[in-house]
Every structure is written in C-alpha cells, then in structure tokens.
Amino acid sequence: MLVPWFPKKQAAEAQEGTAGAQEPLEDDDEEEEWEGEDQERQAIQERVYAWGLEWSKTPAFEALTQEQKDESEYIVESFTEYMRTYHCAPPEEWNVADMEDCCLDTLVRKISAEESYYRSLAPVLASFFTFLGETGRLRNASRMAQRVLKLDKQIIAAAKDPGNWGMAKSFVMAAKAAGVDITNEADLQSFVALYNARMTGRTSPLPGMHLPEVVADDLETETILYERAGPKVGRNDPCPCGSGKKYKKCCGSS
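Residues numbered from 1 in each chain as written. Predicted model: local features only at pLDDT ≥ 70, side-chain atom pairs only at ≥ 80, totals over all residues. Heavy atoms only, no water.

Visitor: Sorry, what's going on with the overall build of the chain here?
Guide: Across its full length, the chain holds eleven helices and zero strands. For the chain, the sequential pattern of α-helices and β-strands runs α-α-α-α-α-α-α-α-α-α-α. Out of the 254 residues in the chain, the part that is buried amounts to 44%. Put simply, the chain shows about 13400 Å² of open surface, and 50% of that area lies on carbon and sulfur atoms. (Helix = DSSP H or I, 4+ residues; strand = E, 2+ residues; numbered from the N terminus. Buried < 20%, exposed > 50% of the residue type's maximum accessible area, 1.4 Å probe, protein only. Areas by Shrake-Rupley, 256 points an atom, 1.4 Å probe, with all protein chains shown as cover.)

Visitor: What exactly am I supposed to notice about the pattern of salt bridges here?
Guide: A side chain of one charge can pair with a side chain of the opposite charge if their charged atoms are brought near each other. For the structure on display, the rule yields ten salt bridges. Notably, a salt bridge pairs E40 with R84, separated by 3.6 Å at the nearest N-O pair. Taken together, the residues E40 in helix α2 (residues 28-55) and R84 in helix α4 (residues 66-87) connect sequence positions 44 residues apart. The class of E40 is partly exposed, set by a relative accessible area of 44%. The buried category is assigned to R84, whose relative accessible area is 10%. The salt bridge partner of E67 is R119, with a shortest N-O separation of 2.6 Å. (Salt bridge = Lys/Arg side-chain N within 4 Å of Asp/Glu carboxyl O.)

Visitor: It is not clear to me how the side chain of S78 should be interpreted in this structure. Could you clarify?
Guide: Residue placement: S78 occurs in helix α4. In this structure the side chain of S78 is engaged in a polar contact, spanning 2.7 Å, whose partner is the side chain of Y117. Beyond its immediate sequence surroundings of up to four residues, S78 is in contact with L107, I111 and Y117. (Polar contact = N/O pair within 3.5 Å; in protein donor to acceptor, adjacent residues only side chain to side chain. Contact = heavy atoms within 4.5 Å.)

Visitor: Mind showing me how you'd approach the confidence of the model for the chain here?
Guide: Note: predicted coordinates in regions of low pLDDT should not be interpreted at a detailed level. Mean pLDDT over the chain stands at 76; residues scoring 70 or higher make up 62%. Scored below 50 in pLDDT, residues 10-26 shows 13 contacts in the model against residues more than four places distant or in partner chains. Considering only residues more than four positions removed or in separate chains, one finds that residues 205-231, a stretch of pLDDT under 50, has 47 contacts. (pLDDT = per-residue confidence, 0-100.)

Visitor: Where do I start with the side chain of Q45 in this structure?
Guide: On the secondary structure map, Q45 appears in helix α2. Given the relative accessible area of 7%, Q45 is considered buried. Not counting the four nearest positions on each side in its chain, Q45 is found in contact with E77, T80 and E81.

Visitor: What am I meant to see in helix α9 (residues 167-177) here?
Guide: One full turn of an α-helix is made of 3.6 residues, so residues set three or four places apart face in the same direction. Restricting attention to buried positions, one finds in α9 the residues K169, S170, F171, V172, M173, A174 and A175. The first or second residue beyond α9 is G179, which carries a positive phi of 85 degrees.

Visitor: Any chance you could explain the packing of aromatic side chains here in plain terms?
Guide: Any pair of aromatic rings gets described here by the distance separating the centres and the angle formed by the planes. In the structure shown here, the tally under the stated rule is eight aromatic pairs. Ring centres of F79 and W94 lie 4.9 Å apart, and the angle between their planes is 75 degrees; on these two criteria the pair is classed as edge-to-face. You can see F79 sitting in helix α4 and its partner W94 sitting in the loop between α4 and α5 (96-110), a full 15 residues away along the chain. Each member of the pair F79 and W94 is classed as buried. Between W94 and F129, the ring centres sit 6.0 Å apart and the planes meet at 70 degrees, which makes this aromatic pair edge-to-face. You can see W94 sitting in the loop between α4 and α5 and its partner F129 sitting in helix α6 (residues 115-134), a full 35 residues away along the chain. Judged by relative accessible area, which is 3%, W94 ranks as buried. In this structure F129 comes out as buried when scored by relative accessible area, which is 0%. An aromatic cluster of three or more residues is present, and its members are W55, F61 and F128. (Phe/Tyr/Trp six-rings, centres within 6.5 Å; stacked < 30°, edge-to-face > 60°.)

Visitor: Even after reading the chapter, I still don't get the nonpolar core, so can you show me in this structure?
Guide: One recurring pattern in soluble globular proteins is that nonpolar side chains are buried together. Membership of the largest hydrophobic core comes to 41 residues, with the highest contact counts inside it found for F79, W94, F128 and F129. Counting only elements with at least two residues in this core, the list comes to α2, α4, α5, α6, α7 (141-150) and α8 (152-160). The biggest single contributor to this core is α6, with eleven residues. Setting aside residues up to four positions removed in sequence, F128 forms contacts with V48, W51, G52, W55, V76 and W94. (Core = buried A, V, L, I, M, F, W, Y, C linked by side-chain atoms within 4.5 Å.)

Laid out in structure tokens, this is it:
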C-alpha cells in the first residue's frame, strides 16, 4: 500500500505539466533565485518521497489509523518544507529542538488545516522518525519519536488556540468559518475587502465588489487581524493560505 499522498503528488505533477506557461518574473536575478529555491526544495521533497515509499510498505505504517494514513501526505510534506524554510534543517539534520519548535509553533502558526491534521501529527511523525532511524537516515530518531509523542496533547491544544495563529492563518480560518471557498481567489479578495470596509466604518463593500452572502452574515463576529487586501496574488507569490508554497502550486493550482 502506498502512502496516500504519493498518487496525489503524481496527479498534481501531471496537471501542472499541462497548465501552460507560467507568468514571467520581474528580472533574471529573481528568476534565478526562484529556480535555485525550487531546485533545492524539489531535491529534498523527492528524497523524502523515496523514503516515504519505503515506509509505506512497513508494518509500522500499516499500524497507523486510517485518519493518520489519510493525513500522512500533508504532515510529512509540510513538516519537511517548514523545517527547511524556517529552521534551515534538511531531513538528515532534523533534531529534537527544531522539531519541537516546528510542531508547537511554526506549523500551528502557519498551517490552516482541519483538526485531523493536528490529531495525526505526532503519531505520523513518530512512525516516520522511527523508520528513518531504523534505516540509518536520521540520528537521534528514537529520541525525536518519543518526544513528539509526548507533545501530542500540547500540539492539539496549541492548534485550537487562535492566539497562536499567524495573520495569514487567522484570515484563512475566518474565511473557512464564513463558508468562503479559499481556493477561489476572487472570494478571498472579497472577504478581505469586506473586512477592511467594516474596520474602517463602511457598512457596505465597494461598488461592484463581489461578495458571497455567507460572508456578510458571519464576518461581524470574526476577530481576524488582516489589514489590507493588497495587490492581486501572483502565481509565484507565497500562497495567502499560509501553506508556504507558491500560489501556483497551492490554492492557485485549481
């Protein structure tokens, strides 16, 4: 049985291959910077993908619950990405201290996911760490697995507290609560515009602004911290949902 996120990854790559040419970047230096970052990220993700393929065939993976298996895609991928971008730690250099910080702060602050993601985070990572240790790919794997299991309840509690959410996640979670389709860029921009209108004392949105009805009903009770709509999100800009990916590879891919 393959890890559930493997088929999704392959399907996403096939779809991206037929999506047409990407938007041009501002200059050659920026393009080279993006390409270098993309190459580093791709190399790490491909390495972890290969490890995950092996892990998916082990009894340890089969011992996970169905919910944990379903969430294993995003957990492994997002943990790998945020350890790289926020803690400067490629997989071979993962350690207990950075892992704790990533699970209790970085992911909680950045990842706008359902509760099942955070319920599954510790068991999935513990299983994956153990596998990496048994195959000689990760030092201190046993300590990391034991420690992340002890953090299980703390992770779940931290993720439920809006006070721990970053600005982008607060916005996305408020949008979800209001029934907004966060994969729809127009609806996201409208949600921000309406919130800004309320904050500046306007009782209605700007003329001609498209607004989902459910937003107008629910937004009055929200306490999100999002100051302005800003310019249109570019395909190479960070996704506004807080995933850490480029918009074209996240919400902008649909």
